[in-house]
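# Fold and geometry: a report
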Amino acid sequence: MSQTKQAWRHRWVGRWGRRSISIRLLLAVLLMVGLALPIAGALLSHHYRTAATQAFDERLEATLNVIIAGVTYDAIGQQLVHDRALGDPRFDHVYSGWYWQITDSDQHTLASRSLWDQRLPVIENENLSARSLTGPRGQSLRVVERDIYLAPLEAPLHISVAARDDVLVSDIRDFQHLLWGGLVGLAILLLGVLALQVRWGLAPLRRMRANLHDVEQGRAEQLDTRLPEELAALATSMNAVLARDQRLIERGRHTAGNLAHALKTPLSVMRLQLRQLPEASRAAWEVELARVDSAVRHHLARASAAGEGARFAPIDLHTTLAPLLNGLARLAQRRGIALRQTWQRDVKVHMDDQDTQELIGNLMDNALRWAHSDVHLNIQVKEQQVVLTVSDDGPGMSEVECQQAVQRGKRLDEQRSGSGLGLAIVTDLVSLYNGHMHLTRGNAGGLEVVVELPIVAHG
């Protein structure tokens, strides 16, 4: 049973734990208003009904006292007499709704003219009491009554005063309509005001979220700390984390660059020394040295890559690649290869300059190395993705060779220069930017490399 309750609690917390703060606050306000106002309305309605009924009863009690003061007993005629005018003509109009009645122990009655031939029911009660009953012609009446002793009678007299309570009921009903209408209006006003208050109170959070989005998209480097005290401290802490991460990234990239330069000289010296060895021993050492060189280049290239394109400010792809492509065009011209480029205008991406040049440079270098006479670079934008296509008219690759080409250090032609590392580095960069790359045979018969990266900058 406890496990069932715990599971239900986890489901409830999981369901409501993801609700926005605005919805939580509005639901809390709605619950408060939905409970407080009906309770207040019920209490006010009950209080008004009680007060109005009590005032009506007090008026009838005053009339009852006047009737009591005017009642006498005629000993000669042995009958009750009421000789005091009440000053209210409604007691003289038949079935007017205002009645009085005096009843003795023998059920002899003395009544107002308004009762005509009808009589009010009698309930003996020495103390003053009030009740509601149905009178002549189905009238709803409010009755105030009591028993009194009148000399020389030994038995008590029962005196009643009744009046139609439709005015009282109508007054209470009108008050309730006004009350509930006012409470509904107050509820709407409160909900509107509190909704505005919630929106105003959470405005700094919305501003902070927009600021975080700007940082994520590379449009800002830090969060704005001009916020309320509670959020300002949070923004300051987040800025410290962002700055620390940026320092760590930059330190890692600088370290990778320094390590690359530090390893170049020893590797060059080792290659020179290998040439002095006998031919029989040189081949084995060259293979191992090539493996070390490939591993070092691969890991240094990956360590120096920034990745996570959304963290970078938008860059113009054409401007960034122009120096690289100009150099490659001169290289292609010397080799007798036509380098064609197809661009979509104004392509801006969230990507690091160095990563962009590393990716395109390796793709183009691989294509120029294997092409016979033609290399084509095509850059297009499809919704959120930039599509880079590099194709050549070289020998191309089979499906198995396409899979092997992206493996680190794999060389498909031992007669060609290079370590076969370029496509593996491109694969790592594409993975860091959450993209996709696939290799196929192009229309010209050579290799076609298609890279899709979700890094397009809009606006």
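Residues numbered from 1 in each chain as written. Predicted model: local features only at pLDDT ≥ 70, side-chain atom pairs only at ≥ 80, totals over all residues. Heavy atoms only, no water.

### Digging into the overall build of the chain
To be explicit about the condition: Strands here are runs of E lasting at least two residues and helices are runs of H or I lasting at least four, both read from the DSSP assignment and numbered beginning at the N terminus. Accessible area is worked out with a 1.4 Å probe on protein chains only. A residue is then buried under 20% of its type maximum, exposed over 50%, and partly exposed in between. It only takes one pair of heavy atoms within 4.5 Å for two residues to be counted as in contact.
Within the chain one finds 9 helices and 14 strands. Considering the chain as a whole, with its 459 residues, one finds that 35% of them fall into the buried category. Long-range contacts, defined as pairs at least 24 residues apart, comprise 59% of the intrachain contacts of the chain with a sequence gap of at least 6.

### A closer look at the pairing of strand β6 (residues 140-148)
Regular strands place their side chains on alternate faces of the sheet. For clarity, the threshold we go by: Only when DSSP finds a minimum of two bridges between them are two strands counted as paired.
Within β6, 7 of the 9 residues are buried, which leaves the element mostly enclosed by the surrounding structure. Across 6 bridges, the pairing between strand β5 (residues 129-134) and β6 is antiparallel. From the neighbouring strand, Leu133 faces β6, where its bridge partner is Leu141. Here β5 folds back onto β6, and the loop between the two strands holds 5 residues, one of which, Arg137, carries a positive phi near 55 degrees. The pairing of β6 with strand β7 (residues 157-164) spans 8 bridges and is antiparallel. Bridge pairing links Arg146 to Ile159 in β7.

### As for the sheet that holds β7
Under the convention used in this document: Angles here are taken between N-to-C directions and fall from 0 to 180 degrees, while the axes themselves are lines fitted to C-alpha atoms, restricted in helices to the stretch in contact.
Spatial ordering of the open sheet is given by β4-β3-β7-β6-β5, a layout of 5 strands whose pairing is antiparallel. Since the sheet does not close on itself, it has two edges, and those belong to β4 (109-111) and β5, each with one partner. Averaged over neighbouring strand pairs, the angle between their axes works out to 25 degrees when direction is ignored.

### Topic: helix α6 (residues 317-335)
We count it as follows: Here the expected span of a helix is defined as 1.5 Å times the quantity of residues minus one. We define the bend at each residue as the angle formed by axes fitted to the 7 residues ending at it and the 7 residues starting at it. The definition of a polar contact used here is a pair of N or O atoms within 3.5 Å, where within protein one atom must be able to donate a hydrogen and the other to accept one, and adjacent residues in sequence count solely through side-chain atom pairs.
For α6, built from 19 residues, the straight-helix expectation of 27 Å at 1.5 Å per residue is met to within 8% by its first-to-last C-alpha distance of 26 Å. Residue Pro323 marks the point of greatest curvature in α6, where the axis turns by about 40 degrees. Of all the residues in α6, the buried ones are Leu317, Thr320, Leu321, Leu325, Leu328, Leu331 and Ala332. Of the surrounding elements, those touching the buried residues of α6 are β8 (315-316), β9 (338-343), β10 (348-349), α7 (353-370), β11 (374-382) and β12 (385-392). Its side-chain oxygen at 3.3 Å from the backbone nitrogen of His318, Asp316 defines the N-terminal cap of α6. Residue Gly336 follows α6 closely and has a positive phi angle near 75 degrees.

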